[in-house]
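Structural description and commentary
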Amino acid sequence: MRIDLHTHSTESDGTETPAELVTAAAAAGLDVVAITDHDTTAGWAAAAEALPAGLRLIRGAEFSAVAPDGEGGQLSVHLLGYLFDPASAAIVAEQARLRTERRVRLRTMAERMAADGFPVDPDALLAQLPPEAPAGRPHLARVLVSAGVVGSVGEAFYRYLVPGSPYYTDRADTEVDTTIRMIRAAGGVPVLAHAFARRRGPVVSAEVIVELAAAGLAGLEVDHPDHSDDDRAALRELAAGLDLLATGSSDYHGGNKTVRLGQETTDPQALERIEALAAGSLVGVVVG
Ligand code: AMP
Ligand code: FE
Ligand code: FE
Ligand code: ZN
């Protein structure tokens, strides 16, 4: 069984439509794939509709949140929510708020770059996205690539789009305890994404992960392309000690990243735990 539980489509900042994504997942030899676009469930129906025979779909989303940094401040974290009820009023409302936040924030970053002479048109950038789409830095990065300012999305990030750059701004994301409660209340299973992806910025401490486990976190994404071997070992040990399930996934974004579908995979037993937790908390959630 080859299981990849973290992928993105054009409904957020991936480059393949949900239908193309599931087709590519089957071609990559996966047995199970999760669609986890940022702050939206908009791709679920199209992915399910186009699902190739023999492939199972796990419906999820990646929630933008903030966690304590242990020094009185906050840092950005991502929570993967699996198999939650997409009609949950709390989730529908909060995801809509987050998508608005994303647009306001990306416009601010684009305006700062334009004011500094970069060939970026904030109106055109936002107009090219569907009105309800979760705007993200990869969309701005692609504009910079198209304009020849940088050679790749990755270069756009490290030169201009990460914390420390004068063009970077934060968003008002959800308090992570609230996200965990929201996903659980909707029958879903919350898993902390790429917790130790240090090259993206500051990461949570082990103490914070202990607190999140007490707040209802169900699992940790251990095997992720942005985790070193040491980070993976530390997270695996934390998961074992806190009785959290451990996943592994590619965080595929199509052409916006260099990772391949199925580059990292999840143990079937971890997926069984996810499905058992979801089935135990909400009647009517159907897989794939
Ligand atoms: P945002 O959602 O606007 O905060 O942008 C973060 C998104 O950009 C995440 O989905 C990441 O997958 C992606 N990302 C972060 N760092 C990089 C990088 N170095 N190269 C390409 N994509 C990145
Ligand atoms: Fe992304
Ligand atoms: Fe993420
Ligand atoms: Zn992701």
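If you're wondering where the values come from, they're calculated on a predicted model, not measured in any experiment.

Overview of the overall build of the chain
For the chain, the count of helices and strands is 10 helices and 8 strands. When its C-alpha atoms are laid out on the principal axes, the chain stretches across 55 × 45 × 40 Å. Counting every position in the chain, which comprises 288 residues, the buried fraction comes to 51%. Contacts in the chain between residues at least 24 apart in sequence constitute 72% of all its contacts with a sequence separation of at least 6. Of the roughly 12000 Å² of accessible surface on the chain, 52% is carried by carbon and sulfur atoms.

Comments concerning the packing of helix α5 (residues 137-146) against helix α6 (residues 153-161)
As a packed pair, α5 and α6 sit with axes 9 Å apart at the nearest point and diverge in direction by 105°. With respect to each other, α5 and α6 are oriented roughly perpendicular. Counted together, R137, P138, L140, A141, R142, L144 and V145 of α5 and V153, A156, F157, Y160 and L161 of α6 form the full contact between these two elements. The residue inventory of the contact of α5 with α6, partitioned by class, reads 10 nonpolar, no polar and 2 charged.

Focus: the coordination of the iron ion (ligand 3)
Distances from the iron ion (ligand 3) to its protein donors, E62 (OE), H78 (ND1) and H194 (NE2), fall at 1.9 to 2.2 Å. Of note, the iron ion (ligand 3) draws all its donor residues from one chain, in the sequence arrangement E-x15-H-x115-H. Between the two metals, the iron ion (ligand 3) and the iron ion (ligand 2), the spacing is 5.6 Å. Note that H78 is positioned in strand β4 (residues 74-82) and H194 in the loop between β6 (189-192) and α8 (206-214), a separation of 116 residues in sequence.

Things to note about the coordination of the zinc ion (ligand 4)
Note on metal sites: the ideal angle is 109.5 degrees for four tetrahedral donors, and 90 or 180 degrees for six octahedral donors. All of the protein donors around the zinc ion (ligand 4) are H6 (NE2), H8 (NE2), E62 (OE) and D251 (OD); their distances to the metal are 2.1 to 2.3 Å. In primary-sequence terms, the residues that donate to the zinc ion (ligand 4) follow H-x1-H-x53-E-x188-D. A separation of 4.5 Å is found between the zinc ion (ligand 4) and the iron ion (ligand 2). Taken as a pair, E62 in strand β3 (residues 56-68) and D251 in the loop between β8 (245-248) and α10 (268-281) lie far apart in primary sequence, 189 residues in all. Assessed through its relative accessible area of 1%, E62 is described here as buried.

Describing the confidence of the model for the chain
In this model, the chain carries an average pLDDT of 95, and 97% of its residues clear a pLDDT of 70 or more. Predicted confidence for residues 283-288 stays below pLDDT 50, and this span has 11 contacts to residues more than four positions away or in other chains.

Overview of a negative patch on the surface
Together, E175, D177, E207 and E211 make up a negatively charged patch on the protein surface. Mapped onto the elements, E175 comes out in strand β5 (residues 174-175).

Concerning the packing of aromatic side chains
Counted by the stated rule, this structure contains 5 aromatic pairs. Members of the aromatic cluster, each reached through a chain of ring pairs, are W44, F63 and F84. Against the face of F196 rests R198, its NZ or CZ located 5.0 Å from the ring centre.

Brief notes about the domain arrangement of the chain
Frequently, the measure chosen for interface size is the accessible area that the parts lose on association. Domain annotation of the chain identifies domain 1 (3-96 + 171-287) and domain 2 (103-161). Taking the mean C-alpha position of each, domain 1 and domain 2 sit 25 Å from one another. Tallying the contact residues gives 9 residues for domain 1 and 6 residues for domain 2. For the domain 1 and domain 2 pair, buried surface summed over both sides reaches about 700 Å², with 55% attributable to carbon and sulfur atoms. Of all residues in domain 1, the largest losses of buried area upon contact with domain 2 belong to D13, R171 and N256, amounting jointly to 61% of the total for that side.

So, the nonpolar core
Core analysis: the biggest nonpolar cluster contains 40 residues, and L192, V204, I209 and L220 have the highest contact counts within it. Looking at which element gives the most residues to this core, the answer is β3, with 5 residues. With residues near it in sequence (within four places) discarded, L220 still touches V191, L192, I209, L235, L238, A239, L244, L245, A246 and T247.

Some thoughts on the site of ligand 1
Taken together, 16 residues are adjacent to ligand 1, and H38, R102, R105, R137 and K257 come closest. Within the side chain of D13, a nitrogen or oxygen atom sits 3.0 Å from an oxygen atom of ligand 1. Measuring from an oxygen atom of ligand 1, one finds a side-chain N or O atom of R171 at 3.2 Å. Against a free-state accessible area of 500 Å², the protein chains account for coverage of 90% of ligand 1. Contributing elements (two or more residues each) for the shell around ligand 1: α3 (89-115), α5 and α6. No other element matches α6, which puts 3 residues into the shell around ligand 1. Split by residue class, the shell around ligand 1 holds 3 nonpolar, 5 polar and 8 charged.

Cut-off values and rules
- Residues numbered from 1 in each chain as written.
- Chains lettered and ligands numbered in written order.
- Predicted model: local features only at pLDDT ≥ 70, side-chain atom pairs only at ≥ 80, totals over all residues.
- Heavy atoms only, no water.
- Helix = DSSP H or I, 4+ residues; strand = E, 2+ residues; numbered from the N terminus.
- Buried < 20%, exposed > 50% of the residue type's maximum accessible area, 1.4 Å probe, protein only.
- Contact = heavy atoms within 4.5 Å.
- Areas by Shrake-Rupley, 256 points an atom, 1.4 Å probe, with all protein chains shown as cover.
- Axes fitted to C-alpha atoms, helices over the stretch in contact; angles between N-to-C directions.
- Parallel < 35°, antiparallel > 145°, perpendicular 65-115°, else oblique.
- Nonpolar A, V, L, I, M, F, W, Y, C, P; charged D, E, K, R; others polar.
- Donors = N, O, S within 2.8 Å, 3.2 Å for Na, K, Ca; no water.
- pLDDT = per-residue confidence, 0-100.
- Patch = residues over 30% accessible without salt bridge, like charges linked within 9 Å, V, L, I, M, F, W, Y side chains within 5 Å.
- Salt bridge = Lys/Arg side-chain N within 4 Å of Asp/Glu carboxyl O.
- Lys, Arg positive; Asp, Glu negative; His and termini not counted.
- Charge placed at Lys NZ, Arg CZ, Asp CG, Glu CD.
- Phe/Tyr/Trp six-rings, centres within 6.5 Å; stacked < 30°, edge-to-face > 60°.
- Lys NZ or Arg CZ within 6 Å of the ring centre and 35° of its normal.
- Domains from an automatic or database assignment.
- Buried area = accessible area lost by both parts, 1.4 Å probe.
- Core = buried A, V, L, I, M, F, W, Y, C linked by side-chain atoms within 4.5 Å.
- Near = heavy atom within 4 Å.
- Polar contact = N/O pair within 3.5 Å; in protein donor to acceptor, adjacent residues only side chain to side chain.

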